[in-house]
Amino acid sequence: MDPESDHPDVAGLGYERARDELAEVVKRLEAGGLSLEDSLALWERGEALAKVCERHLAGARQRVDQALAAVEQHEEQAETGQ
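Since this is a predicted model, take the numbers as computed values, not measurements. (Residues numbered from 1 in each chain as written. Predicted model: local features only at pLDDT ≥ 70, side-chain atom pairs only at ≥ 80, totals over all residues. Heavy atoms only, no water.)

Describe in detail the environment of Arg19, supporting the description with residues and values.
Here Arg19 lies in helix α2 (residues 15-31). Distance in space between the C-alpha atoms of Arg19 and Glu30 is 16 Å, their sequence separation being 11 residues. (Helix = DSSP H or I, 4+ residues; strand = E, 2+ residues; numbered from the N terminus.)

I'd like a description of the pattern of salt bridges, backed by residues and values.
A full pass over the atoms with the stated rule returns four salt bridges. Across the pair Asp9 and Arg45 runs a salt bridge, and its minimum N-O distance is 2.8 Å. With Asp9 in the loop between α1 (3-6) and α2 and Arg45 in helix α3 (residues 36-80), the pair connects residues that are 36 residues apart, well separated along the chain. Given a relative accessible area of 47%, Asp9 falls into the partly exposed group. Judged by its relative accessible area of 19%, Arg45 falls in the buried class. Salt-bridge contacts for Lys27 lead to Glu24; the nearest nitrogen and oxygen are separated by 3.8 Å. Of the two residues, Lys27 and Glu24 both sit in helix α2, three residues apart, roughly one turn of that helix. Classification of Lys27 by relative accessible area gives exposed; the value is 54%. (Salt bridge = Lys/Arg side-chain N within 4 Å of Asp/Glu carboxyl O. Buried < 20%, exposed > 50% of the residue type's maximum accessible area, 1.4 Å probe, protein only.)

Please set out α2 residue by residue, giving values where relevant.
Between its first and last C-alpha atoms α2 spans 24 Å; for 17 residues at 1.5 Å apiece the expected length is 24 Å, and the two agree. Within two residues after α2, Gly32 carries a phi angle of roughly 75 degrees, on the positive side. (Expected span 1.5 Å × (residues − 1).)

Written out as structure tokens, the structure reads:
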């Protein structure tokens, strides 16, 4: 099972929107009162939203790592006079 393919509408969400919706899913699950089927469906949507958030965070982490590597390279070149 791929949570995102089961919920294609979440794939295009930005990080903040996916995060906010995920928080709402958690709140609804914690409140209880849902049928087992509804709880499972909501859980699966939450998994898809979490995967979208993870993908956005991984992309941001990669950009930060690239920026840090560029700064380090620039500093090394400055130290060696290149």
